[in-house]
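Observations on chain architecture
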Amino acid sequence: MDNINVEYSESNSNRFLIKCILVTTMILYITWILNLLDVFIIDSKIFLYAVLSVTIVALISLAIQFVLDFNKEYVKYILLFLTILIYAFINSFLTYHTMISFIFPIIFSAQYRSKRVITYTYILSTLSIIFSVVFGYYFGLCDANMLVYTKDKTSEFIKKFSYSDIIKDPDWFRNILYFAIPKSLVIMGVIPMVIHLNSVIDKRTEKLIETQNKNLKLSKEIVENQQHIIVSLASVIESRDQITGDHIKNTAKYVEFLVDKMINNKLYVDELNAEYALLVVEAAPLHDIGKIHIPDAILCKNGKLTIEEYEEMKKHPEYGFELLSNFDDTLTDVNYLGITKEVCLYHHERYDGKGYPMGLSGNHIPLCARIMAVADVLDALLSKRQYKEAYSFEKTFAILKEESGKQFDPIVLSALLDNWDEFKNNIYSKDSE
């Protein structure tokens, strides 16, 4: 388990900003439709200009996500500019009373967690307010709170506006002085709040991450301790038949080597991922736990086993499966238990169907068991036993290759044989001899 590391994703923030642009555009469309139905009393031609202008900006923002790399720093500035431009068009063509909506780009900019971005947005918003006042003075500004009051409330004292009846004040500079600057000052008041909220969220997020990392570290220690206990118990069981505890460590190490190579070579990608691989490695030490039910007279016998004794020895996978099944109602990690039971029950199955206890063949044998089978036999061949000496690398390689497609899954085995030199030099330990 690694520490939690919450990385800021600028790409996600950029996509969120595009969604905000689209939502604003949709709200404008709905208002436009209501105006066409005479719910509002805004000049239809002026409103159409606003809709067309905003639509063009929205389409540009959509095109950007297919043309530009969203992880580039400059993309957010382009999108913020387009967002502000939309509100500028709305205020220019419709009514200056909606200038307060310029707080939204500043709020949207807060997601980038940068004072520089917030400052950039505010400066651009201020310039856009001035632009919309001047532009609206010459083309389309309606001096009424059209988007707030409905037709029923205003019909008595407001009539349809025409271009000649837009603004009575001929001095555009006074409009900037009276309308643009006060609105800009109001918007400025939002900045400290946004920065403060950003800071509070960051601090609380850091504390949450710190707490979660402590919990993860504790959980990791618990899992490691449990794994040490499991390996120790499995080693005690193995030692009964005069096999050292190195077999437990070796097979786990060989399984880890196999799954790493299989993942790197993209073998069985539908089944094998990092989580599955880890569970197989952790399950490996318990593959022979069923031997605990085998009598010492059979398990520790130096000579050749009789047919009856061998048949009893062949039952250890089923014994192990039954033993592990006792934890079905108590062990919370069902994935680990399930894979451990499969490794235990099926690791003596053969790819050609001649194994035991079920006589499964091919991919009917769980992948974890097919991996375990290779690791188990690999260690048995390279290790000294009471009935044989350790085989050489050359002989071991030849035996394994001969059994490809017979005892072993050829794809799983290829992960070992294709990397045999690396296994010899970096993975194999002479202590296992």
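Because the structure is predicted, anything quoted here is derived from the model rather than measured. (Residues numbered from 1 in each chain as written. Predicted model: local features only at pLDDT ≥ 70, side-chain atom pairs only at ≥ 80, totals over all residues. Heavy atoms only, no water.)

**Describing the nonpolar core**
The following threshold applies: In plain words, nonpolar cores are sets of buried Ala, Val, Leu, Ile, Met, Phe, Trp, Tyr and Cys residues tied together by side-chain atoms within 4.5 Å. The buried label applies to any residue whose accessible area, calculated with a 1.4 Å probe on protein chains only, is under 20% of its type's maximum; exposed applies above 50%, and partly exposed to all values in between. The helix and strand labels rest on DSSP assignments: H or I over at least four residues marks a helix, E over at least two residues marks a strand, and numbering proceeds from the N terminus. Every residue pair with non-hydrogen atoms within 4.5 Å of one another is taken to be in contact.
Core analysis: the biggest nonpolar cluster contains 46 residues, and Val255, Met262, Leu400, Leu416 and Phe423 have the highest contact counts within it. Contributions of two or more residues to this core are made by helix 9 (246-264), helix 10 (274-283), helix 14 (334-346), helix 15 (367-382), helix 17 (410-417) and helix 18 (420-427). Apart from the residues lying within four places of it in its own chain, the contact partners of Phe423 are Tyr254, Phe257, Leu378, Leu382, Phe393, Leu416 and Tyr428. Within the second largest apolar cluster, 33 residues are counted, among which are Leu80, Ile86, Ala88 and Ile90.

**Examining the environment of Lys406**
Here is the rule we go by: Whenever two N or O atoms come within 3.5 Å, that pair is a polar contact, provided that in protein one can donate a hydrogen and the other can accept it, and provided that, for residues adjacent in sequence, both atoms are side-chain atoms.
Checked against the element boundaries, Lys406 lands in the loop between helix 16 (393-402) and helix 17. Overall, Lys406 belongs to the partly exposed group, its relative accessible area being 35%. Remark: the alpha-carbon pair of Lys406 and Gly362, spanning 44 residues in sequence, is separated by 9.4 Å. Polar contacts involving the side chain of Lys406 include one to the side chain of Glu402, which spans 2.8 Å.

**Looking at empty space enclosed by the protein**
Over the atoms rolls a probe the size of a water molecule, and in doing so it shows where empty space is left. We count it as follows: Method remark: on a 1 Å grid restricted to protein atoms, a set of points is classed as a cavity if a 1.4 Å probe fits but cannot get out and as a pocket if it is open with protein on both sides within 12 Å along at least five of seven lines; lining residues have an atom within 4 Å of a point. Grid points are joined across faces, edges and corners, and a volume is the space filled by probe spheres set on the points. Note on residue classes: Ala, Val, Leu, Ile, Met, Phe, Trp, Tyr, Cys and Pro are nonpolar, Asp, Glu, Lys and Arg are charged, and everything else, Gly too, is polar.
In total, this model carries one cavity of 30 Å³ or more according to the counting rule given. Of the volumes computed, that of the largest cavity is approximately 60 Å³. Every residue along the wall of the largest cavity is listed here: Tyr346, Glu349, Arg350, Tyr351, Ile365, Ala369, Arg370, Ala373, Gln407, Phe408 and Asp409. Class assignment for the residues of the lining of the largest cavity results in six nonpolar, one polar and four charged.

**Considering the side chain of Thr24**
Secondary-structure assignment places Thr24 in helix 1 (residues 10-36). At 2.9 Å, the side chain of Thr24 and the backbone oxygen of Cys20 are in polar contact. Polar contacts involving the side chain of Thr24 include one to the side chain of Tyr87, which spans 3.2 Å. Excluding residues that lie within four positions of it along the chain, Thr24 makes contacts with Ile86, Tyr87 and Ile90.

**Quick notes on the packing of aromatic side chains**
Working definition: an aromatic ring pair is given by the centre-to-centre distance plus the angle between the planes. To keep it simple, the criterion reads: Each Phe, Tyr or Trp ring, with Trp reduced to its six-membered ring, pairs with another whose centre is within 6.5 Å; inter-plane angles below 30 degrees give stacked pairs, above 60 give edge-to-face pairs, and intermediate values give tilted ones. Lysine and arginine charges are scored as sitting over a ring when NZ or CZ, respectively, is within 6 Å of the ring centre and within 35 degrees of the ring normal.
Applying the stated criterion across every chain yields a total of six aromatic pairs. Consider the rings of Tyr254 and Phe423, whose centres lie 5.1 Å apart with planes at 70°: the pair is edge-to-face. On the criterion of sequence distance, the pair formed by Tyr254 in helix 9 and Phe423 in helix 18 is long-range, its members being 169 residues apart. Consider the rings of Phe397 and Trp420, whose centres lie 5.3 Å apart with planes at 65°: the pair is edge-to-face. Note that Phe397 is positioned in helix 16 and Trp420 in helix 18, a separation of 23 residues in sequence. A relative accessible area of 25% means that Phe397 is categorised as partly exposed. Of note, Arg370 hangs over the ring of Tyr268, and the distance from its end group to the ring centre comes to 5.1 Å. Positioned above the aromatic ring of Phe393, the side-chain terminus of Lys424 is 5.7 Å from the ring centre.

**A closer look at the environment of Ala297**
Structurally, Ala297 is set in helix 11 (residues 296-299). By relative accessible area, which is 61% here, Ala297 ends up exposed. Between the alpha carbons of Ala297 and Glu309 there is a distance of 9.2 Å; along the sequence they are twelve residues apart.

**Overview of the pattern of salt bridges**
Our working rule: Salt bridges are identified by distance alone: a Lys or Arg side-chain nitrogen within 4 Å of an Asp or Glu carboxyl oxygen.
Going through the model one piece at a time under the given rule, you end up with eleven salt bridges. Between Lys315 and Glu312 there is a salt bridge whose closest N-O contact spans 3.7 Å. Taking the relative accessible area as the measure of exposure, Glu312 reaches 18% and is therefore buried. Of the charged contacts in the structure, one is a salt bridge between Arg350 and Asp352, with a shortest N-O distance of 3.0 Å. Of the residues examined, Asp352 reaches a relative accessible area of 29% and is grouped as partly exposed. By sharing partners, the salt bridges in this structure join Glu73, Lys76 and Arg116 into a single network.

**Structural notes on unusual backbone geometry**
In the segment running from Tyr356 into Pro357, the intervening peptide bond is cis, with an omega of 10°. With respect to the helices and strands, Pro357 occurs in the loop between helix 14 and helix 15. For Lys266, which is not a glycine, the phi torsion comes out positive at approximately 55°. Non-glycine residue Tyr268 carries a positive phi angle of around 50°. Counting through the fold element by element, Tyr268 comes out in the loop between helix 9 and helix 10.

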